[in-house]
Amino acid sequence: MNNNELAYMSIADQAKLIEKKEISPVDLVKLCLDRIEKWDGVLHAWITVCGERALDQAKKAETEIAKGNYRGPLHGIPFGAKDQITTGDIPTTMASIIQSDFGEGMTATAVTKLEEAGAILLGKTNLHEFGKGSSVAFHFGEPKNPWNLKYEPSHSSTGSGIAPAAGMVSCALGEDTGGSIRGPAWANGIVGIRPTFGRVSRYGGIMYAWSQDTIGPMTRTVEDNALVMEVIAGHDPKDPLSSTRPVPEYSKLLTEDLKDVRLGLVREMSIDRKLHPEVDKSLHDALDVLRSLGATIEEVSLSKAKYAVALQLLTSDVDVSSMFVKHWLRDRWDEFDYGTRTRLAAAALVPGSIYSRAMRGRALVRNEVLETFKTYDGLIALINFVPPLLLDDSRETIHSGQDIGTRMFKSRRICTYPFSMANVPALSVPTGFTKEDVPMSIQIAGKPFNEELIYRVAHAYQMATAWHTRHPDLEKTVGPALAESEIKLAGE
């Protein structure tokens, strides 16, 4: 086994080696830090890397395991946290220069739970400023797709998608309001879940979109995602909106048989549009695999899904802007990224009467989604009707009404917002690659608190395919850019 194989190995397999003492947590952390040092100058997946702290924690884990105090499959496993999730004395920048730390000494419950399970925080991952997904310029470097630098790595929890995909870390925490976990998982070829609202404590997450924000894991496999979810999920007295429902052992409920599963293919979020031919083939190939595993799949309509983009911008964006208007937007306008400030300023102008009506519209979308679960165990949709866009095309630079249609609304992904409005769990799982070697995915959604079903379907699909065994060749994709930057520096 070489270092590249270890870096891309699943958490489940890394954990077996750690438990058997065939590798040390120190080995794994050093490997991840080496990869960050080598590749992140181009990929920009990280804002803060706490290498010395991580190595100290790895040595402690190594000692504990040597003494027989193995805590479980996350013991000694390195993870990253989106720099919107607080981590105690490690700064939380929100990818902003307005202030150096928004954390105020808080530590998110999800981070605390991972560390109590023995996981090791490697650092804070890059994001679109304030998690809004509209950044045009990036204060900490523009994140790049490790599969092909010319293409987008998607929006918001961007670094949390890049880092596991590039073997820089075993897993990462992301945050999803309208698709900020599922989008980066799609573009970077990994698995990401938006949990049911209330399934994972939001304490310590800087959650300005108070009625939709969720924290969830981003991993290379479905099994790994389930392992992390069963640790971070559960009631938290610090978050009064967290659920008291028991947390299943998701990783022990995975099967490869879907004979009793009935799935609805959402027409408006899949086949009811003219699809990019590679997306169309990827979707139908995935449906064939699911049917071969025994699943019944029927078409279903969510007629109100088409209103999701406008309703999202009129509600969650307004929630966020209300936290910025009084001081920062007025007094420190020039310190915001152009894309962030224009989106928040527009939201700040939405009248209360429109916001109220839009919130009622969201309830109608939610009710329509929930109604389908009386017939179907889960729903299938795309993440987007096209593959990840070229990087320049993905930027939400708005100069005209036409830009709103072609840039913002296209990238806002009608396919992810309806499930966010319904606050149901939804997961992105890779289903193939374009001829440009850029990932594609489908989305699987379930009724509230039925993450178990989503994991079961996604795992069965993943075990029947080989997409999760492919990983970016950084020497090929990032190496030339790295060499070019080194030549440029030498010339200077």
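Here we summarise the structure given alongside this text.

How each quantity is defined
- Per chain, residues are indexed from 1 in the order of the written sequence.
- Only residues with pLDDT of at least 70 are given local features in this predicted model, and only at 80 or more are side-chain atom pairs given and counted; all residues enter the totals for whole chains, interfaces and linings.
- To obtain the side-chain values, all non-hydrogen atoms of the structure were used and water was disregarded.
- Here a helix means four or more residues in a row that DSSP labels H or I, a strand means two or more in a row labelled E, and each is numbered from the N terminus.
- Computation of the radius of gyration draws on C-alpha atoms, with the globule rule given as 2.2 Å multiplied by the number of residues to the power 0.38.
- Residues are treated as being in contact if the distance between any of their heavy atoms lies within 4.5 Å.
- A residue counts as positive if it is Lys or Arg and as negative if it is Asp or Glu; His and the chain ends are not included.
- Where a charge sits is defined by one atom per residue type, namely NZ (Lys), CZ (Arg), CG (Asp) or CD (Glu).
- The span expected for a helix works out to 1.5 Å for each residue beyond the first.
- Type-normalised accessible area, obtained with a 1.4 Å probe on protein chains alone, sets the label of each residue: buried when under 20%, exposed when over 50%, and partly exposed for intermediate values.
- Note on ring pairs: Phe, Tyr and Trp rings are taken, using the six-membered ring of Trp, and paired if centres are within 6.5 Å. Classes follow the plane angle, with under 30 degrees stacked, over 60 edge-to-face and the rest tilted.
- Both a distance and an angle decide whether a charge sits over a ring: NZ of Lys or CZ of Arg must be within 6 Å of the ring centre and within 35 degrees of the ring normal.
- In this description, strands pair whenever DSSP reports at least two bridges between them.
- Orientation is described by axes fitted as lines to C-alpha atoms, over the contacting stretch for helices, and by angles from 0 to 180 degrees between their N-to-C directions.
- Angle categories are assigned with fixed cut-offs, so that under 35 degrees is roughly parallel, over 145 is roughly antiparallel, 65 to 115 is roughly perpendicular, and the rest are oblique.
- Throughout, the ten residues Ala, Val, Leu, Ile, Met, Phe, Trp, Tyr, Cys and Pro are labelled nonpolar, Asp, Glu, Lys and Arg are labelled charged, and all others, Gly among them, are labelled polar.
- Think of a salt bridge as a Lys or Arg side-chain nitrogen and an Asp or Glu carboxyl oxygen that are within 4 Å of each other.
- Using a 1 Å grid laid over the protein atoms alone, points where a 1.4 Å probe fits but cannot get out form a cavity; open sets with protein on both sides within 12 Å along at least 5 of 7 lines form a pocket; any residue with an atom within 4 Å of a point counts as lining.
- Grid points are joined across faces, edges and corners, and a volume is the space filled by probe spheres set on the points.
- Two cysteine sulfur atoms make up a disulfide if the distance between them is within 2.5 Å.
- We define a polar contact as two N or O atoms separated by no more than 3.5 Å, with the added condition that, inside protein, one atom must be a possible hydrogen donor and the other a possible acceptor, whereas residues neighbouring each other in sequence contribute only through side-chain atom pairs.
- Crossovers are marked right-handed if the path from the first strand over the helix to the second runs clockwise, as seen with the strands pointing away from the viewer.
- To be clear, the arc concerns the directions from the helix axis to the C-beta atoms.

Our focus in this paragraph is the overall build of the protein chain. Counting its regular elements, the protein chain contains 19 helices and eleven strands. For 492 residues, the compact-globule estimate of 2.2 N^0.38 gives 23 Å, and the C-alpha radius of gyration of the protein chain, at 21 Å, lies within 12% of that figure. Expressed as lengths along the three principal axes of its C-alpha atoms, the size of the protein chain is roughly 60 × 60 × 50 Å. By sequence separation, contacts in the protein chain at least 24 residues apart represent 80% of the contacts at least 6 residues apart. Computing the positive centroid from 55 side-chain charges and the negative centroid from 63, the protein chain places the two 5 Å apart.

With 14 residues, helix α10 (residues 308-321) extends 19 Å between its outermost C-alpha atoms, agreeing within 8% with the 20 Å of an ideal straight helix rising 1.5 Å per residue. Along α10, twelve of the 14 residues are buried, which leaves the element largely enclosed by surrounding structure. Along α10, the residues classified as buried are Ala308, Val309, Leu311, Gln312, Leu313, Thr315, Ser316, Asp317, Val318, Asp319, Val320 and Ser321.

Two numbers describe a pair of aromatic rings. These are the distance of the centres and the angle of the planes. Evaluation of the coordinates by the stated rule reveals eleven aromatic pairs. Looking at Arg35, its charged tip hangs above the ring of Tyr8, at a distance of 5.0 Å from the centre. Here Arg470 stacks its cationic end above the ring of Phe433, 3.9 Å away from the centre of that ring.

On to the sheet that holds strand β3 (residues 120-125). If you trace the eleven strands from one edge of the open sheet to the other, you get β1-β3-β2-β4-β6-β5-β10-β11-β9-β7-β8, paired in mixed fashion. Two strands in the sheet have a free side with no partner beyond their single neighbour: β1 (46-49) and β8 (296-300). Adjacent strand axes in the sheet meet at a mean angle of 30° when their direction is disregarded. Of the strand pairs in this sheet, strand β5 (residues 191-194) and strand β10 (residues 426-433) are connected by three bridges, and their pairing is antiparallel. Considered in β10, the bridge of Arg194 is made with Ala426.

Relative orientation of the contacting elements helix α5 (residues 109-116) and helix α8 (residues 222-232) amounts to 110°, with a least axis distance of 8 Å. With respect to each other, α5 and α8 are oriented roughly perpendicular. Only Val228, Val231 and Ile232 of α8 make contact with α5, whose side of the interface consists of Ala110, Lys113 and Leu114. Of the residues belonging to the contact of α5 with α8, the class tally is five nonpolar, no polar and one charged.

Turning to the pattern of salt bridges, a few remarks are in order. Under the definition given, this model contains 19 salt bridges. Linking Arg182 and Asp176 is a salt bridge whose minimum nitrogen-to-oxygen distance equals 3.0 Å. This pair shows no difference in class: Arg182 is buried, exactly as Asp176 is. Glu335 is the salt-bridge partner of Arg332, the closest N and O atoms lying 2.9 Å from each other. When its relative accessible area of 26% is taken as the criterion, Glu335 is described as partly exposed.

Turning our attention to empty space enclosed by the protein. Summed over all chains, the structure comprises five cavities of 30 Å³ or more. Considering only enclosed or pocket space, the second largest cavity measures out at about 90 Å³ in volume. Taken together, 13 residues make up the lining of the second largest cavity; nearest its centre are His128, Phe138, Glu142, Leu391 and Ser394. Partitioning the lining of the second largest cavity into residue classes produces four nonpolar, six polar and three charged.

Each disulfide consists of one covalent bond between the sulfur atoms belonging to two cysteines. As enumerated under the stated definition, the model contains zero disulfides in all. This cysteine, Cys50, is not joined by any disulfide, and Cys32 carries the nearest cysteine sulfur, 12 Å off.

A few words now on the side chain of Ser420. Assignment of secondary structure puts Ser420 in helix α16 (residues 417-422). Residue classification places Ser420 among the buried positions, given a relative accessible area of 0%. Reaching out from Ser420, the side chain makes a polar contact with the backbone oxygen of Thr177 at a distance of 2.9 Å. When residues no more than four places from it in sequence are discounted, the contact partners of Ser420 are Asp176, Thr177, Gly178, Gly179, Arg182, Arg194 and Gln212.

The next point concerns the pairing of strand β2 (residues 78-82). Where burial is concerned, most of β2 is hidden: five out of the five residues are buried. Burial of the side chains of β2 extends over both faces: Pro78, Gly80 and Lys82 are buried on one face and Phe79 and Ala81 on the other. What joins β2 to β3 is α5, and the crossover it makes is right-handed. As paired elements, β2 and strand β4 (residues 171-176) share three bridges and run parallel to each other. By the bridge assignment, Ala81 is partnered in β4 with Leu173.

We now examine helix α13 (residues 352-372). For α13, which comprises 21 residues, the first-to-last C-alpha distance of 31 Å matches the rise-based estimate of 30 Å (1.5 Å per residue) to within 8%. Regarding α13, the residues found buried are Tyr355, Ala358, Gly361, Arg362, Val365, Glu368, Val369 and Thr372. Taken end-on, α13 shows its buried residues confined to a sector of 130°, consistent with a single buried face. For α13, the exposed residues lying more than 90 degrees away from the buried face are Gly352, Arg357 and Arg360.

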